[in-house]
Amino acid sequence: MDNMENKNENAQEQQNAPVDGEYSFFYGHKPKEEQSSTQDEAVKAEPGTPKAEKKPFWKKPSAMVAGVLVAAMLAGFGGSAIGNAVFGGSNGGTTVYEGKRPTTVINTASIDTSKQMTAAEVYAANVNSTVGITTQVTTNYWGYTTQSAASGSGFIYSSDGYIITNYHVIESASSIKVTLYDGKSYDAQLVGYDESNDVAVLKIDAKDLTPVTIGDSGNLNVGDSVIAIGNPLGELTFSLTSGAVSALDREVTMSNNVTMELIQTDCAINSGNSGGALFNLYGEVIGITNAKYSGSSVSGASIDNIGFAIPINSVRSIVDSIIEKGYVAKPYIGVMVADVSDEAKSYGTPAGAAVASVTEGGPAEKAGLQANDIITAVNGKEISGKSDLSSIIADCAAGDKLTLSVYRQGQTLTVTVTVGEQTTSALANQQQSQQSQQQQTMPDIFGFGG
């Protein structure tokens, strides 16, 4: 795999004005087609059948993915907070101040998106929902402070100013500016982000904006036409490129060693497109453009038209959690899993998600799962590996119960796991990242405005 560049787009007609403390975004609906899947963890397994020469059971380190993360950190954002306890008073009592604030509520308004449009119509309907994003990054090297600029794309998620983009577009930024299609610019506040899914939520002080319509990436098929709108190179603003879905659930390891399952497209995705929307021909956002292959292959052949986008279904609940709660909430069962190796299967080991480790105190441990177990089916449906398991867990809510068929030392067991919720602060590492950026001794020569 050659240089992987992270990249940087969106719009639809507005309905239903938001009420106080609430905002609305639009969710398109049309006759359902085939559904896709999402993600989990990785490592390869060796056979359980003894041989003369023993080899390691796991082929490669596993990678943490959205559905089944191994640890949970309780967030400190959102909701009511207990503040400053003041002791004393005339009667020697104790006063505790309890903070209260209006609760952000997400309203959805369904609109008819059953009519297929031309590329020109999709562009006209959505260009006002597409934004350009520019950032300033402060670096300190050899005692000198310098500032560098980076650019990307984004799209309007709600009429009252919530903006979606990639995390890598705003990573370590000391300031963020959002520019609309009509030329108006706003200083943006970073509301929260999920680095592992490369998504960030911004907020600008604006009202009556035109939000995009959110689609269903699970209805995509290879060959479907798609359109990207964004700001390639940070200069060719509000450009349209078009193509088709080349592959679904493509497992891609990014330049920061994070593995994601993405939509592959031959739509031209260039530096500056990152964070922009990928639309279907119904004018719905079905992905967030974030990366491309570039350069040339090992053989020297040039690489063209291999771009990627994050499926909107895999991050929509994360975005809503950041806005509503101030933290990232994901379903999890607390296991690290891997695909069973082909060699292991050749000795009779069943296919499935092999458990590399179990989180102490997590749902899986409480249910009795153990390291080296192989999960072969969930709720009676066979799974082929980690991706199937991850997809199932990602579609669950906290409290849901999963009945797992488990292969353990030649026996098949049934284990029932109650899905938990993993919460992490939506802004946990941003301040540390900024401090690290300001204290580093050499500049980042690669930038991040992909």
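Residues numbered from 1 in each chain as written. Predicted model: local features only at pLDDT ≥ 70, side-chain atom pairs only at ≥ 80, totals over all residues. Heavy atoms only, no water.

Focus: the overall build of the chain
For the chain, the helix and strand inventory stands at 7 helices and 28 strands. Counting only carbon and sulfur atoms, one obtains 48% of the accessible surface of the chain, whose full area is about 20800 Å². (Helix = DSSP H or I, 4+ residues; strand = E, 2+ residues; numbered from the N terminus. Areas by Shrake-Rupley, 256 points an atom, 1.4 Å probe, with all protein chains shown as cover.)

Some words on the environment of Ala 247
As for its position among the elements, Ala 247 is in strand β16 (residues 239–253). As for Ala 247 and Phe 308, which are separated by 61 residues in sequence, their C-alpha atoms are 9.5 Å apart.

A closer look at the pattern of salt bridges
When the charged atoms of two side chains lie near each other, side chains of opposite charge can form a pair. Enumeration according to the criterion identifies 5 salt bridges in this entry. Here Asp 187 and Lys 177 are joined by a salt bridge, their closest N and O atoms 3.1 Å apart. Of this pair, Asp 187 sits in strand β11 (residues 185–187) while Lys 177 sits in strand β10 (residues 175–179), and the two are 10 residues apart along the sequence. On the basis of relative accessible area, Asp 187 is assigned to the exposed category, the value being 60%. Its relative accessible area of 34% is what places Lys 177 among the partly exposed residues. Across the pair Lys 345 and Asp 342 runs a salt bridge, and its minimum N-O distance is 3.6 Å. On the criterion of helical spacing, the pair formed by Lys 345 and Asp 342 is a turn pair, its members being 3 residues apart in helix α4 (residues 342–346). On the basis of relative accessibility, which here comes to 34%, the residue Lys 345 falls in the partly exposed class. Classification of Asp 342 as exposed rests on a relative accessible area of 63%. (Salt bridge = Lys/Arg side-chain N within 4 Å of Asp/Glu carboxyl O. Buried < 20%, exposed > 50% of the residue type's maximum accessible area, 1.4 Å probe, protein only.)

With respect to the environment of Ala 371
Locating Ala 371 in the fold gives a position in the loop between α5 (363–367) and β24 (374–378). Separated by 14 residues in the primary sequence, Ala 371 and Ser 357 have C-alpha atoms spaced 4.9 Å apart. Leave out the neighbours within four places in its chain, and Ala 371 touches Val 355, Ala 356 and Val 358. (Contact = heavy atoms within 4.5 Å.)

Overview of the nonpolar core
One finds Ile 164, Val 201, Val 285 and Ile 288 to be the most contacted residues of the largest nonpolar core, which totals 35 residues. Broken down by element, this core gets its largest block of residues, 6 residues, from helix α3 (residues 312–325). What Ile 164 contacts, discounting residues up to four positions off in sequence, is Gly 154, Phe 155, Tyr 157, Val 199, Ala 200, Val 201, Gly 275, Ile 288 and Val 319. (Core = buried A, V, L, I, M, F, W, Y, C linked by side-chain atoms within 4.5 Å.)

Regarding the packing of aromatic side chains
As enumerated under the stated definition, the model contains 2 aromatic pairs in all. Ring plane angle 80° and centroid distance 5.1 Å describe the contact between Tyr 181 and Phe 238, whose orientation is recorded as edge-to-face. In this pair, Tyr 181 is assigned in the loop between β10 and β11 and Phe 238 in the loop between β15 (225–230) and β16, connecting sequence segments 57 residues apart. In this structure Tyr 181 comes out as partly exposed when scored by relative accessible area, which is 39%. Note on Phe 238: relative accessible area 13%, which makes it buried. (Phe/Tyr/Trp six-rings, centres within 6.5 Å; stacked < 30°, edge-to-face > 60°.)

Notes on the side chain of Asp 373
Position of Asp 373 relative to the elements: it lies in the loop between α5 and β24. A distance of 2.7 Å separates a polar atom in the side chain of Asp 373 from a polar atom in the side chain of Arg 408. If we ignore the near neighbours within four places in the chain, the residues touching Asp 373 are Ala 353, Ala 354, Val 355, Gly 368, Val 406, Tyr 407 and Arg 408. (Polar contact = N/O pair within 3.5 Å; in protein donor to acceptor, adjacent residues only side chain to side chain.)

Quick notes on unusual backbone geometry
With phi around 55°, Asp 198 is a residue other than glycine that occupies positive phi space. What makes Asp 198 buried here is its relative accessible area of 6%. One non-glycine residue, Asp 249, lies in the positive phi region at around 55°. With respect to the element layout, Asp 249 can be found in strand β16. When its relative accessible area of 29% is taken as the criterion, Asp 249 is described as partly exposed.

What to know about the pairing of β15
Across the 6 residues that make up β15, a large majority, 5, are buried. In terms of strand pairing, β15 meets β16 through 6 bridges, oriented antiparallel. The partner of Val 226 across the bridge, within β16, is Gly 243. (Pairing = 2+ DSSP bridges.)

A short note on the pairing of strand β18 (residues 277–280)
Here β18 shows a buried face lined by Ala 277 and Phe 279 and a second buried face lined by Leu 278 and Asn 280. Of the pairings in the sheet, the one linking β15 to β18 comprises 4 bridges and is antiparallel in character. By the bridge assignment, Ile 229 is partnered in β18 with Ala 277.

Remarks on the confidence of the model for the chain
For the chain, the mean per-residue pLDDT works out to 74, and 67% of the residues sit at or above 70. Within the chain, β24 carries the highest mean pLDDT (95), whereas strand β4 (residues 81–87) carries the lowest (33). Note on residues 31–91: pLDDT under 50 across the span, and 178 contacts to partners over four residues away in sequence or across chains. The model gives residues 431–449 a pLDDT under 50, and that stretch makes 34 contacts with residues more than four places away or in other chains. (pLDDT = per-residue confidence, 0-100.)

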